[in-house]
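One letter stands for each residue in the lines below.
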Amino acid sequence: MEVLMLVIFLALLAAAYFFGKRDLLSPWFLLCLAMLTSYFIVLLNYKNWEVKINSTFVLYITTALVSFGVGALVIKKFSSNKLVTETISQRLSLKKELPSRHYPELFFIIISVAAAGLYCFKLLSDVGGSGSMSERIRHIYDSVVGGYSPGFVFNQCLELVIAIAYINTYRLFQEIYSRSRAISIVNLFIPIFIFIIAVMISSDRNIFLRFAIYFICLFTLFFRENTKKKNINKSIIFKVSLLLLLLVIIFFLLGKSKQYSSGILKSLGIYGGSGLYVFNIWVVDFEEPLLYGQSTFSEFIKVFNSIFGHIGLTLPDAQVDRFDAFIEFESSNGYVFSSNIYTALKPYVEDFGFFGVILFPFAIGMLYQKLYMRMRKSKYGYNWVLYCMLIYPIVFFPILEQLIRRFHLGFIYEVVWLTLVYYFVYGKINVRIEEKNMAKQPKIANNGGA
């Protein structure tokens with residue numbers, strides 16, 4: 001079964017690659033690549049985990065990947081292939097697109113320092129405890145797992161820091177590939193560094209992973225748009241591999257900051273591969289009553305009930321815990337690991353069984369193919385930023401559900417802040433460009449409404 005699963009993964013990856021016309025950022029290809037990478041990590045731990053892949057796992061994983069691809073095919077089949085009319089800002093060259101004298105890099109530094117400072121001070125003063133910084137961060141992590149939140153205002157401070165880091169990253173690539181150097185690269189990096197500090201204090205490494213995915217996808221788009229090579233995918237893969245190495249090291253150090261004891265290889269194995277293998281163990285014994293949406297939409301249900309519960313309007317709530325119970329495993333050679341991370345398929349199975357791995361991946365495939373096609377019709381701009389920001393649930397798929405279970409107010413705040421910061425920088429400038437170009441157009445005489 002182990003070999004069969006590997007062959008299926010490779011076949012689906014090849015199909016997705018050509019379906020997406022060799023685009024490394026097409027959603028079905030990214031999903032198959034993420035699942036195959038996670039499975040490779042499982043195979044690398046073959047002896048320590050005493051890996052035994054069962055037929056139910058093979059069936060569920062294959063069905064989910066095929067269903068996602070069919071959803072993407074439906075959107076591709078029934079969507080127009082014609083490019084949308086470009087705005088004036090999109091017709092401009094990358095260098096001319098840059099709002100060089102208007103980008104508020106110093107303002108963003110001040111806002112990032114203030115917002116991150118308030119957020120970190122709140123966490124450290126509320127639940128930081130005493131001792132070394134790593135001990136205090138560990139205490140914060142344990143408190144967050146136990147349900148602690150710093151409150152609405154301070155959470156928005158973090159969301160603002162995240163949004164500024166994302167837009168600064170976009171601007172950073174504009175500066176690099178336009179070669180304008182109109183803004184100090186150091187000034188652009190400072191809010192990104194502040195963001196990493198805030199993530200470390202928050203103890204939530206998933207925030208950094210989402211940023212890392214955004215960073216890599218955005219780099220790929222800029223590199224592909226501004227590089228003329230025949231075998232450009234080889235260059236992208238090489239450069240992304242170097243970026244991944246750096247990002248993995250930062251991710252590992254963030255884990256060390258909250259006193260994780262595992263080495264880098266064991267950490268990578270547990271985080272990147274154990275979710276998929278634990279699902280393999282869990283799914284074969286799953287015989288619980290179906291929850292019919294209460295697992296997948298657990299966060300949405302909690303938000304809905306908290307808002308409308310006081311007027312007696314509530315949805316059934318199975319009280320699904322955000323953090324699943326750990327599964328402890330010890331092999332015959334004495335190797336021990338524990339994991340509470342499941343693949344995104346777990347809640348779908350809990351809700352609708354086998355039908356869940358058909359329904360949800362199909363719908364997600366449709367959604368992301370639509371986002372992808374909008375992004376491909378753009379040259380730079382907001383659609384690039386939005387797609388790269390929203391692609392992380394696909395990469396996270398082998399690890400845990402990050403789309404529907406995160407579709408709560410926090411997720412909405414992320415998108416809103418990103419949009420506000422983007423249009424604070426680029427929206428008004430694009431309008432001025434359009435007005436300026438429209439003013440240059442010759443006036444057409446009125447010939448009776450012809």
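The model shown is predicted, which means the values in this text are computed figures rather than measured ones.

Draft legend 1. Spotlight on the overall build of the protein chain. Assigned secondary structure in the protein chain consists of 19 helices and two strands. Counting across all 450 residues of the protein chain, residues that qualify as buried make up 52%. Sequence separation of at least 24 residues holds for 77% of the intrachain contacts in the protein chain that already meet a minimum separation of 6. By element, 65% of the accessible surface of the protein chain is carried by carbon and sulfur atoms, the whole surface being about 22100 Å².

Draft legend 2. The layout of surface pockets, seen in detail. If you add up the space inside the second largest pocket, you get close to 1200 Å³. Together, 34 residues line the second largest pocket, and Thr37, Ile216, Val240, Leu244 and Val395 are the ones closest to its centre. Those elements that provide at least two residues to the lining of the second largest pocket are helix 2 (27-44), helix 10 (205-226), helix 11 (232-256) and helix 12 (264-283). At ten residues, helix 11 tops the list of elements feeding residues into the lining of the second largest pocket. Counted by class, the lining of the second largest pocket contains 29 nonpolar, five polar and no charged residues.

Draft legend 3. Focus on the nonpolar core. Core analysis: the largest hydrophobic core is formed by 136 residues, its most contacted members being Ile61, Ile167, Tyr170, Phe195, Tyr214, Phe279 and Tyr368. Per-element tally for this core: the top contributor is helix 10, with 15 residues. Those residues within four positions of Phe195 in sequence are excluded, and the remaining contacts are Val161, Ile162, Ala165, Ile207, Phe208 and Phe211.

Draft legend 4. Structural detail: the pattern of salt bridges. Counted under the stated rule, the structure contains ten salt bridges. Glu175 serves as the salt-bridge partner of Arg171, at 2.6 Å between the closest nitrogen and oxygen. Of the two residues, Arg171 and Glu175 are both situated in helix 8 (residues 152-178); the distance of four residues between them amounts to about one turn of the helix. Of the residues examined, Glu175 reaches a relative accessible area of 0% and is grouped as buried. For Glu225, the salt bridge identified is with Lys379, shortest N-O distance 3.8 Å.

Draft legend 5. Structural detail: the packing of aromatic side chains. According to the stated counting rule, one finds 43 aromatic pairs in the structure shown. Summarising the aromatic geometry, the rings of Phe19 and Trp28 are spaced 5.6 Å apart at their centres and angled 80° between planes, so their arrangement reads as edge-to-face. On the basis of relative accessible area, Phe19 is assigned to the buried category, the value being 16%. For Trp28, a relative accessible area of 10% puts it in the buried group. For the pair Tyr60 and Phe354, a centre-to-centre distance of 5.3 Å together with 55° between the ring planes defines the contact as tilted. Of the two residues, Tyr60 is situated in helix 3 (residues 55-78) and Phe354 in the loop between helix 14 (345-352) and helix 15 (356-376); the sequence distance between them amounts to 294 residues. The lysine or arginine in question, Lys76, covers the ring of Phe19, its NZ or CZ lying 4.4 Å from the ring centre.

Draft legend 6. Structural detail: the pairing of strand 2 (residues 336-339). By the alternation rule, side chains of strand 2 split into Phe337 and Ser339, which are all buried, and Val336 and Ser338, of which none is buried. As paired elements, strand 1 (residues 327-330) and strand 2 share four bridges and run antiparallel to each other. Directly across from Glu328, in strand 2, lies its bridge partner Ser338. The turn joining strand 1 and strand 2, which pair antiparallel and follow one another in sequence, is formed by five residues; a positive phi near 90° is taken by Gly334.

Draft legend 7. Structural detail: empty space enclosed by the protein. Taken as a whole, this structure holds five cavities of 30 Å³ or more when the rule is applied. As for the largest cavity, its lining consists of Glu159, Ile162, Ala163, Tyr166, Ile207, Arg210, Met389, Glu414 and Leu418. Sorting the residues of the lining of the largest cavity by element identifies helix 8, helix 10 and helix 18 (409-425) as the ones contributing at least two each. The element that contributes the greatest number of residues to the lining of the largest cavity is helix 8, accounting for four residues. For the lining of the largest cavity, the per-class residue count stands at six nonpolar, no polar and three charged.

Draft legend 8. Structural detail: the packing of helix 10 against helix 16 (residues 382-390). Orientation of helix 10 relative to helix 16, taken along the N-to-C sense of each, is 140°, at an axis distance of 8 Å. Considering their axes alone, helix 10 and helix 16 lie oblique with respect to each other. Here the hand of the crossing between helix 10 and helix 16 comes out right-handed. Contact residues: Tyr214, Cys217, Leu218, Leu221, Phe222 and Glu225 in helix 10; Trp384, Val385, Cys388 and Met389 in helix 16. Here the contact of helix 10 with helix 16 is built from residues that sort into nine nonpolar, no polar and one charged.

Draft legend 9. Structural view of unusual backbone geometry. Within the chain, Glu50 stands out as a residue other than glycine whose phi angle is a positive 50°. Note that Glu50 resides in the loop between helix 2 and helix 3. Using a relative accessible area of 30% as the deciding quantity, one classes Glu50 as partly exposed.

Draft legend 10. Molecular detail of the side chain of Thr220. Mapped onto the fold, Thr220 is located in helix 10. In this structure Thr220 comes out as buried when scored by relative accessible area, which is 3%. Once residues lying within four places of it in the same chain are set aside, the contact partners of Thr220 are Leu25, Ile236 and Val240.

Draft legend 11. Quick look at the environment of Phe251. With respect to the element layout, Phe251 can be found in helix 11. Taking the C-alpha atoms as reference, Phe251 lies 9.3 Å from Ala212; in sequence the two are 39 residues apart. Apart from residues no more than four positions distant in its own chain, Phe251 is found in contact with Arg205, Phe208, Leu209 and Tyr271.

Draft legend 12. Layout of the environment of His310. Its location among the elements puts His310 in the loop between helix 13 (298-308) and strand 1. Looking at His310, the relative accessible area reads 65%, which means it is exposed. Within polar-contact distance, the side chain of His310 engages the backbone oxygen of Ile307 at 2.9 Å.

What counts and how
Counting restarts for each chain: residues are numbered from 1 in the order of the written sequence. Given that this is a predicted model, residues contribute local features only at a pLDDT of at least 70 and side-chain atom pairs are listed and counted only at 80 or more, while totals for whole chains, interfaces and linings are drawn from all residues. Here the side-chain values reflect all heavy atoms present in the structure, with hydrogen atoms and water set aside. Helix numbering and strand numbering both begin at the N terminus, where a helix is a DSSP run of H or I of at least 4 residues and a strand a DSSP run of E of at least 2. Exposure is judged per residue with a 1.4 Å probe applied to protein chains only, and the accessible area is read against the type maximum: over 50% gives exposed, under 20% gives buried, and values in between give partly exposed. Residues are treated as being in contact if the distance between any of their heavy atoms lies within 4.5 Å. All accessible-area figures derive from a Shrake-Rupley calculation using a 1.4 Å probe, and residue coverage is judged against the displayed protein chains alone. Only protein atoms enter the 1 Å grid, on which a cavity is a set of points fitting a 1.4 Å probe that cannot get out and a pocket is an open set with protein on both sides within 12 Å along at least 5 of 7 lines, lining residues being those with an atom within 4 Å of a point. Grid points are joined across faces, edges and corners, and a volume is the space filled by probe spheres set on the points. Asp, Glu, Lys and Arg are counted as charged, while Ala, Val, Leu, Ile, Met, Phe, Trp, Tyr, Cys and Pro are counted as nonpolar; the rest, among them Gly, fall into the polar class. Residues belong to a common nonpolar core when they are buried Ala, Val, Leu, Ile, Met, Phe, Trp, Tyr or Cys residues joined through side-chain atoms within 4.5 Å. Whenever Lys or Arg places a side-chain nitrogen within 4 Å of a carboxyl oxygen from Asp or Glu, that contact is recorded as a salt bridge. Here a pair means two rings of Phe, Tyr or Trp (six-membered ring of Trp) with centres within 6.5 Å. Their orientation is stacked below 30 degrees between planes, edge-to-face above 60, and tilted elsewhere. In this scheme, Lys NZ or Arg CZ marks a charge over a ring once it lies within 6 Å of the ring centre and within 35 degrees of the ring normal. Between any two strands, pairing holds if DSSP finds at least two bridges. To get an axis, fit a line to the C-alpha atoms, keeping to the stretch in contact for a helix; angles then go from 0 to 180 degrees between the N-to-C directions. Working rule for angles: under 35 degrees goes down as roughly parallel, over 145 as roughly antiparallel, 65 to 115 as roughly perpendicular, anything else as oblique. Should the near helix be turned anticlockwise from the far one by less than a right angle, the crossing is left-handed, and should it be turned clockwise, the crossing is right-handed. Contacts described as polar in this section are N or O atom pairs within 3.5 Å, which, within protein, must combine one atom able to donate a hydrogen with one able to accept it, while residues neighboring in sequence count only if both atoms come from side chains.

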